[in-house]
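Coordinates in review
What follows is the residue order along each chain.
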Amino acid sequence: MIHYSEKLSWTEFHELANEGAIGVIAVGAHEEHGPHCSLLTDTIISNALAERIADRISGILLPKISYGESWSVNDFPGTITLEPETLTALVLDIARSVKKGGLRALIIVNGHYGNMSPITLAARRMRSEENYPVLILNFPELETIAKSICESSPAGGMFYHADEFETSIVLAEYPEGVKMEKAQPDYPEFPPAYGETQVLISSFNPVGVFGDPTKASAEKGERFLAAFTESCMKIVNDFQKTL
Ligand SMILES: [Zn+2]
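Everything in this summary refers to the structure shown in the same document. (Residues numbered from 1 in each chain as written. Predicted model: local features only at pLDDT ≥ 70, side-chain atom pairs only at ≥ 80, totals over all residues. Heavy atoms only, no water.)

**Overview of the overall build of the chain**
Within the chain, the regular secondary structure consists of seven helices and five strands. In terms of overall dimensions, the chain has a C-alpha envelope of 50 × 35 × 30 Å along the principal axes. Looking at the chain residue by residue over its 243 residues, the buried ones come to 52%. For the chain, the proportion of contacts with a sequence separation of at least 24, taken over those separated by at least 6, is 78%. Counting every atom, the chain has about 11,400 Å² of accessible surface; 53% of that belongs to carbon and sulfur. Counting 19 positive and 33 negative side-chain charges, the chain places the centres of these two groups 6 Å from one another. (Helix = DSSP H or I, 4+ residues; strand = E, 2+ residues; numbered from the N terminus. Buried < 20%, exposed > 50% of the residue type's maximum accessible area, 1.4 Å probe, protein only. Contact = heavy atoms within 4.5 Å. Areas by Shrake-Rupley, 256 points an atom, 1.4 Å probe, with all protein chains shown as cover. Lys, Arg positive; Asp, Glu negative; His and termini not counted. Charge placed at Lys NZ, Arg CZ, Asp CG, Glu CD.)

**Section: helix α7 (residues 218-241)**
The first and last C-alpha atoms of α7 sit 34 Å apart over 24 residues, in line with the 34 Å expected at 1.5 Å per residue. Most pronounced at M233, the bend in α7 amounts to some 25 degrees. Among the residues of α7, those classed as buried are K220, G221, F224, L225, F228, T229, S231, C232, M233, V236 and F239. Where α7 is buried, its residues meet α2 (41-57), β4 (106-110), β5 (134-137), α5 (142-149) and α6 (164-173). (Expected span 1.5 Å × (residues − 1). Bend = angle between axes of the 7 residues up to and from the residue.)

**Observations concerning the packing of helix α3 (residues 84-100) against helix α4 (residues 116-130)**
Contact geometry for α3 and α4: axes closest at 8 Å, N-to-C directions at 40 degrees. The orientation of α3 with respect to α4, classified from their angle, is oblique. By crossing handedness, the relation of α3 to α4 is classed as right-handed. Only P118, I119, L121, A122, R125, M126, E129 and E130 of α4 make contact with α3, whose side of the interface consists of P84, L87, T88, V91, L92, A95, R96 and K99. (Axes fitted to C-alpha atoms, helices over the stretch in contact; angles between N-to-C directions. Parallel < 35°, antiparallel > 145°, perpendicular 65-115°, else oblique. Left-handed = near helix turned anticlockwise from the far one by under 90°.)

**Here's the deal with the pairing of β5**
Inspection of the sheet shows β4 paired to β5 by four bridges, in the parallel sense. Each bridged residue has a counterpart across the sheet, and for I108 the counterpart in β5 is I136. Traced from β4 through α4 to β5, the parallel crossover comes out right-handed. (Pairing = 2+ DSSP bridges. Right-handed = clockwise from strand over helix to strand, strands pointing away.)

**Observations concerning the side chain of K220**
Assignment of secondary structure puts K220 in helix α7. A polar contact is formed between the side chain of K220 and the side chain of E151, at a distance of 2.5 Å. Not counting chain neighbours up to four residues away, the residues in contact with K220 comprise I149, E151, E164, S168 and K215. (Polar contact = N/O pair within 3.5 Å; in protein donor to acceptor, adjacent residues only side chain to side chain.)

**Some points on unusual backbone geometry**
One non-glycine residue, F139, adopts positive backbone phi at about 45 degrees. Positionally, F139 belongs in the loop between β5 and α5. When its relative accessible area of 11% is taken as the criterion, F139 is described as buried. Positioned with a positive phi, E141 is a non-glycine residue whose angle comes to about 65 degrees.

**Brief notes about the coordination of the zinc ion**
The protein atoms that coordinate the zinc ion are H33 (NE2), D42 (OD), E166 (OE) and E166 (OE), at distances spanning 1.9 to 2.5 Å. Coordination of the zinc ion draws on donor residues from a single chain, spaced H-x8-D-x123-E in sequence. Of the two residues, H33 and D42, both sit in the buried class. (Donors = N, O, S within 2.8 Å, 3.2 Å for Na, K, Ca; no water.)

**Considering the environment of T11**
Assignment of secondary structure puts T11 in helix α1 (residues 10-18). Residue T11 is classed as partly exposed on the basis of its relative accessible area of 36%. One polar contact links T11 to S9, side chain to side chain, over a distance of 3.0 Å.

**Overview of α1**
Residues F13, L16 and A17 constitute the buried set of α1. Taken down its axis, α1 places every buried residue within 100 degrees of arc, on the same side. Buried positions along α1 lie against β1 (3-4) and β3 (60-61). (Arc of directions from axis to C-beta.)

Written out as structure tokens, the structure is:
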């Protein structure tokens, strides 16, 4: 059962906290996902997964964070990026508040690579300064799951962006967010120094697709969500034992 915080009064929140509830929040992005997929793709995906996890643990689902750290695609129109410090501060503020509100822990479902460092920094500070547990889920077992469901292979060996995986989940969760007639495969050549130097995606991929979204389907999206729910729950179950 999901407890959506938007439906709770403070007294109900308080009761759930007294019963040991855990907070769950999705962190996504508002950034280019090719000509066919919603700017909010990562937010839609992470929130879909956060809902499933909250359901499993009867957690309190907090309103999603729809913006992330999107420096690498910041020159695409429509991308709205947070400074990493902003995201760290935002997550810290939320975590401190849920701690104050009595929730046992916070689980962050992250849907975007660029968010990992800023969120991790916030979680570390919560641990060292507040002794508060924050779990971050970054699509555990992504490569194995993608291999078992996708017909296409990822760009650059392990780069999933506006591809079969992401497009499928948006088709399943929010079909209005995909225009399949505009989907096209793209397997750009990565610059040798990608990852070592600060390279904007647009310099080697002006379209913004990595992989083959034409193979996407809502049915695959459902399978992805089911598989990620299981891979996440292994970690969540373990995490709960430590609380
Ligand atoms: Zn994405």
